[in-house]
Structure formats: structure tokens, C-alpha cells
Amino acid sequence: MEDSEALGFEHMGLDPRLLQAVTDMGWSRPTLIQEKAIPLALEGKDLLARARTGSGKTAAYAIPMLQLLLHRKASCADGEARCSSGDPISHIKPLAARQPETS
Ligand SMILES: Nc1ncnc2c1ncn2[C@@H]1O[C@H](COP(=O)(O)OP(=O)(O)OP(=O)(O)O)[C@@H](O)[C@H]1O
């Protein structure tokens with residue numbers, strides 16, 4: 001994809017609070033891994049991605065996760081039944097604990 005066609009944060013359908021946070025961080029555009037991963041994660045797709053150290057992977061998974069949490073919070077405030085299905089972070093902790101130690 002050419003740079004001119006790159007999908008900016010403002011075109012990803014992000015919650016305004018997340019867009020503001022990204023702006024506050026001084027991030028004018030997503031990194032490549034963020035540009036590829038965030039839209040798919042927001043669609044609910046399962047992803048396995050690899051990118052070099054310092055390429056922005058943390059935000060690539062944290063931004064969609066925070067968006068899910070914000071939407072879920074709004075849904076719970078509206079009394080939706082799916083609010084009782086557990087929170088995403090509780091699934092991440094056991095997965096992280098199973099990661100092999102690095103030296
Ligand atoms: N879109 C962006 N624009 C500018 N800077 C960014 C962007 N996304 C992340 N950064 C910055 O890039 C740096 C590296 O990001 P981060 O540590 O999340 O990368 P990573 O791929 O998760 O690294 P690691 O492989 O070490 O876990 C951080 O200082 C972060 O604030």
C-alpha cells in the first residue's frame with residue numbers, strides 16, 4: 001500500500017476518547033502493524049501478527065481492546081444481557097502466564 005493510501009487513526013472508527021489519546025501521544029499516523037492489525041481486530045477477527053521490536057505492537061492490540069471495553073461499558077450501562085459474559089482481560093492473564101521465559 002502506498003503511503004498516500006495509508007489508513008489513518010481517524011478513519012478506523014475509533015472511539016473519540018481513543019482518538020484523543022492517540023493525538024495526545026503525538027502520534028500523527030499508525031505504524032504499519034497498527035494500520036494492518038487494528039481494523040481487523042475491530043472487526044472481531046483473530047490475529048497472529050509479528051513485527052520488529054519497537055514497531056508499535058502494544059498499541060496494535062491495546063487500541064482495539066480498549067475500544068471493546070469502552071463499547072462494552074456503554075452496552076452494560078444500557079442493560080444489554082451480553083454484559084455478563086466476562087471481561088477480555090481475564091482471558092489475557094492466563095495466556096500471558098503460559099508464555100515461555102526469555103533470558
Ligand atoms: N503510531 C505511532 N506513532 C508514533 N509513535 C508510536 C506509535 N505507536 C507507538 N509509538 C511509540 O513507539 C515506541 C515503541 O512502541 P511499542 O513499545 O509499543 O512497540 P512494540 O512493538 O510493542 O515493542 P516491543 O517489541 O519491544 O514490545 C513507543 O515509544 C511508542 O510510544
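The numbers attached to residues start from 1 for each chain and follow its sequence in the written order. Side-chain atom pairs in this predicted model are given and counted only at pLDDT of 80 or more, local residue features only at pLDDT of at least 70, and totals for whole chains, interfaces and linings cover all residues. Working from all heavy atoms in the structure, the side-chain values ignore hydrogens and water.

## A look at the site of the ligand
Going by this rule: Put simply, a residue is near a molecule or strand once any heavy atom of it comes within 4 Å of that molecule or strand. Throughout this description, a polar contact denotes any pair of N or O atoms lying within 3.5 Å of each other; where both atoms belong to protein, one of them has to be capable of donating a hydrogen while the other can accept it, and for residues adjacent in sequence the pair is counted only when both atoms sit in side chains. Methods summary: accessible areas were calculated by the Shrake-Rupley approach with a probe of 1.4 Å, and residue burial reflects only the protein chains presented. Amino acids outside the nonpolar list (Ala, Val, Leu, Ile, Met, Phe, Trp, Tyr, Cys, Pro) and the charged list (Asp, Glu, Lys, Arg) are all regarded as polar, and Gly is one of them.
For the ligand, the set of nearby residues contains 13 residues, the closest of which are Arg29, Gln34, Gly54, Lys57 and Thr58. Here a nitrogen atom of the ligand and a side-chain polar atom of Trp27 are 3.3 Å apart. Contact between the ligand and Lys57: an oxygen atom at 2.7 Å from a side-chain N or O atom of the residue. Against a free-state accessible area of 640 Å², the protein chains account for coverage of 59% of the ligand. The residue makeup of the shell around the ligand, split by class, is 3 nonpolar, 7 polar and 3 charged.

## Structural notes on the side chain of Asp15
The following threshold applies: Put simply, DSSP marks the helices as runs of H or I at least four residues long and the strands as runs of E at least two long, and each gets a number from the N terminus on. By definition, residues are in contact when any of their heavy atoms lie within 4.5 Å.
Tracing the backbone shows Asp15 in the segment before α1 (16–24). In terms of polar contacts, Asp15 uses its side chain to reach the backbone amide nitrogen of Arg17, at 2.8 Å. Apart from the residues lying within four places of it in its own chain, the contact partners of Asp15 are Gln67 and Leu70.

## As for the side chain of Gln34
Where we set the bar: Exposure classes here rest on a 1.4 Å probe applied to the protein chains alone. A residue is buried below 20% of its type maximum, exposed above 50%, and partly exposed in between.
Locating Gln34 in the fold gives a position in helix α2 (residues 32–42). The buried category is assigned to Gln34, whose relative accessible area is 3%. Among residues more than four places away in sequence, those in contact with Gln34 are Phe9, Met12, Trp27, Pro39, Gly56, Ala59 and Ala60.

## Concerning the environment of His11
Along the polypeptide, His11 turns up in the segment before α1. Considering only alpha carbons, one finds His11 and His71, 60 residues apart in sequence, at a separation of 18 Å.

## Digging into helix α3 (residues 57–77)
For clarity, the threshold we go by: In a helix, the anticipated span is given by 1.5 Å times the number of residues less one.
Taking 1.5 Å of rise per residue, 21 residues should cover 30 Å, and α3 covers 31 Å from first to last C-alpha, within 8% of that figure. Buried within α3 we find Ala59, Ala60, Ala62, Ile63, Pro64, Met65, Gln67, Leu70 and Ser75.

## Description of the pattern of salt bridges
If charged atoms from side chains of opposite charge come close, those side chains can pair. Basically, it comes down to this: Here, a salt bridge means any Lys or Arg side-chain nitrogen found within 4 Å of an Asp or Glu carboxyl oxygen.
As enumerated under the stated definition, the model contains 2 salt bridges in all. Asp15 serves as the salt-bridge partner of Arg17, at 2.9 Å between the closest nitrogen and oxygen. Here Asp15 falls in the buried class, since its relative accessible area comes to 10%. The shortest N-O distance in the salt bridge between Glu43 and Lys45 comes to 2.6 Å.

## Some words on the UniProt feature "domain: DEAD-box RNA helicase Q" (unreviewed entry) in the chain
Here is the rule: UniProt positions are given in the numbering used here, feature names are shortened, and annotations may be inferred rather than shown by experiment.
The UniProt record marks residues 7–35 with the feature "domain: DEAD-box RNA helicase Q" (unreviewed entry), using the residue numbering of this structure. When the span residues 7–35 is considered, its composition is 45% helix and 0% strand, and the gap between its end C-alpha atoms is 6 Å.

## So, the packing of α2 against α3
Definition in use: Structural elements are reduced to axes, namely lines fitted to C-alpha atoms, with helices fitted over the stretch in contact, and the angle between N-to-C directions of any two is expressed from 0 to 180 degrees. What sets the label is the angle itself: under 35 degrees gives roughly parallel, over 145 gives roughly antiparallel, 65 to 115 gives roughly perpendicular, and the rest give oblique. For any pair of crossing helices, the crossing counts as left-handed if the nearer helix is rotated counterclockwise from the farther one by less than a right angle, and right-handed if it is rotated clockwise.
With their axes 9 Å apart at the nearest point, α2 and α3 run at an angle of 25 degrees to one another. One finds that α2 runs roughly parallel with respect to α3. Relative to α3, the crossing made by α2 is right-handed. Between α2 and α3, the residues in contact are Ile33, Gln34, Ala37, Ile38, Ala41 and Leu42 and Lys57, Ala59, Ala60, Ile63, Pro64 and Gln67, respectively. Counted by class, the contact of α2 with α3 contains 9 nonpolar, 2 polar and 1 charged residues.

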